Every structure is written in structure tokens, then in C-alpha cells.
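# Architecture and fold: a report
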Amino acid sequence: KGMALPQRTSPPEKICMDWPQRQRPGAGLFNLGNTCYVNVILQCLTYTPPLANYLLSHKHSQLCQQQGFCMMCTMEAHVRKVLCSSASAILPGAVLKDLKFIGEEFEYGRQENAYEFLRCTLNAMHGACLSGRRDSDVSSQETSIIHQIFRGFMKSRVTCLSCQAVVDSYKAFLDVSLDIRAASSLIAVLEDCVTPRQLDQKECFRCSKCKKKVAASKKVTVHHAPRVLTLCLERADQRTGTKISKFVEYPEYLDLRPYMSDTAGEPLLCSLYAIVVHSGDTCLEGHFLCYTKASNGLWYKMDDESVDNCDIHTVLGQQAYLLFYAR
């Protein structure tokens, strides 16, 4: 079900989308046994410029009144430790110690899914931003720095094929999950997503003008693009449970304009800055590693404690699982 677009109730944070200074990449992260799914998400978030800039400013911790565990304070300390450490690798001990507070399903020492850890981490950070506030209704969530960086809105338009009446609804998202079974490129997947499709009988639409159930079509578009777009290329086949191990082409620069509700505006360019790759024959086992772009503009392969130079051709040649694009 959709919703109305929330109205902003307080001034947003000033968000800086670029690094204030150029420096070498920070430390790698030790794997304490099946913790690679944690490491890749921590690294991708560490190299998300607007988030890192905010965390490094100490804005949250200076005002935080939360008792006990706070995901924002934990990430603030972690990002500073990674980017400022002279060590080649550090232990993400504070995050691993409090896994159960990030997501009840995470069990230390057990292999988990990086995508689920990302979603739980962002939700925990968002919750930490809103803790102690009374006005935690939908509209006030605009005040969360996490939503200001990662949240976008999808628009769903249902059109009556009898009288052409339309009904619009909106849905917020922090990431977009994409079915890659029938596609060979990200562009093809996105084009398929915004192509109108006729609703089947199970989804029958009652038109308020025709006063009856009618044939209708549905088109989904990006109504408001987030500053950081996170895409999950679904590697687990929902029907068979097997892993989809195929290469899906994705660009270094992505123009979101063709997939927006308003396609007539200027190009809405996003730049790839991180990817997560899963290696292994099945989705239930294997290993996660990531590639991130550091503040010096260079790409690095980050495989637990190892941080090694690589080029953009290597990055674009991976069987990507998660893609991170910044406006």
C-alpha cells in the first residue's frame, strides 16, 4: 500500500557530498570467523562521503543522550578509527560485540547475509537519530540524517484502461532490490521496472469513476531520488533457492532521469563508489568482499584485512551483489 508524500517538519542537515580532503584509504578489517558480511558493509558505509562527513563531524555524539548502545555513536567511532588509524587492519570489535542490538537475527560466528546487515544497520542508525524525540511520526523522519542520505520515494500510478482515470501512491525506500533473472544489464532491469504492466485478476482494480472492478495498468517510477542509491541485484532465485551466478553489466555513471516520474528534467547523474561481491556456489555459504573508492579518487579491493589497489575495469567486471551510487 502506498502513502502520501511526507511534509518536512524541520530544517534538514547540511549535507556535503564530496570529501573535504584527499587521503589514502583507511585500515582493513579483521575477520573473526564468518564476519565478512559485517566487514563489507562497514567498509561501504565508511566510504559513503555524506555519511562519513557527518560522522566525522561528531554532530551526533555531542548531542546524544541515549543510554547504552547507540548505533550512530558506534559508527562514528568506527569510521574515525578506520580512516585515522596508522595500522593496516583493525578489529571492528564494538560492532561485533553488539550485533544483537543491530538485528535480533544476527548470531556471532554464523555466516549471515550482507544485504540484511546493511538494512538492519541503516535502520539502527535511523532509530538512534530519532531516539528521545516525541515527534517520531512519518513526517518527522525527514530529520534523520540516514533518511536524508539514503531515502527515496517510488511513485506507483495505476491507470484505468476503461476511462483513463489515474490513482497515484508513494512508497519510501532506503534501497531497491532488483530481479536479474531475465536481464544482462542494470539498464535493462531498470527499463523493465518502469515499463507499464497490466494488472492481473488477483490485483483487480476498483475504479472510483467507473464504480466497478476494471482492467488497469500499473507503472512504477522513482519520484524522488535519494542522495545515495543502493541497489541489490538479487542473487538468490526465489523459486529454486539456487544462486544466480551470472554477470550483469552495470555502469560507472548512472543517469536516473529516464526512470523518474518526471523524465523531462536535466540528467540526474550518480557515480558508482562501492560494490559488494559474494563468492561461493550457494547463497548460504561463501565469502563477501567489496570494492570501494577512497577519498583520493582511487579504487581499492577490500577483502577483510587486505586493502589493495585496483582499477575501474576490475570493479566493473565483477558479479556484483550490491551497488552503491552517489548523486
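Anything mentioned here points back to the structure above.
Anyway, here's the lowdown on the structure attached to this text. Nothing here was measured: the structure is a model prediction, and the numbers come from that model. (Residues numbered from 1 in each chain as written. Predicted model: local features only at pLDDT ≥ 70, side-chain atom pairs only at ≥ 80, totals over all residues. Heavy atoms only, no water.)

## Concerning the packing of aromatic side chains
Within this structure, the stated rule accounts for 7 aromatic pairs. With 5.4 Å between their ring centres and 70° between their planes, Phe106 and Phe117 make a pair best called edge-to-face. Placement of Phe106 in the loop between helix H6 (99-102) and helix H7 (114-130) and of Phe117 in helix H7 is noted, with a sequence separation of 11 residues between them. The interplanar angle of 55° and the centroid separation of 6.0 Å between the aromatic rings of Tyr273 and Phe324 together place this pair among those described as tilted. You can see Tyr273 sitting in strand S12 (residues 269-279) and its partner Phe324 sitting in strand S16 (residues 320-326), a full 51 residues away along the chain. Given a relative accessible area of 5%, Tyr273 falls into the buried group. An aromatic cluster is built from Tyr37, Phe106 and Phe117, whose rings are joined through pairwise contacts. (Phe/Tyr/Trp six-rings, centres within 6.5 Å; stacked < 30°, edge-to-face > 60°. Helix = DSSP H or I, 4+ residues; strand = E, 2+ residues; numbered from the N terminus. Buried < 20%, exposed > 50% of the residue type's maximum accessible area, 1.4 Å probe, protein only.)

## Thoughts on the environment of Pro20
Topologically, Pro20 is positioned in the segment before strand S1 (28-29). Between the alpha carbons of Pro20 and Asn53 there is a distance of 8.1 Å; along the sequence they are 33 residues apart.

## A closer look at the pattern of salt bridges
If you walk through the whole model with that rule in mind, you get 8 salt bridges. Lys97 is the partner of Asp98 in a salt bridge, and the nearest nitrogen-oxygen pair spans 3.3 Å. Among the residues examined, Asp98 registers a relative accessible area of 11% and is labelled buried. Here Glu107 ties to Arg110 by a salt bridge, and the two come within 3.3 Å at their closest N and O atoms. (Salt bridge = Lys/Arg side-chain N within 4 Å of Asp/Glu carboxyl O.)

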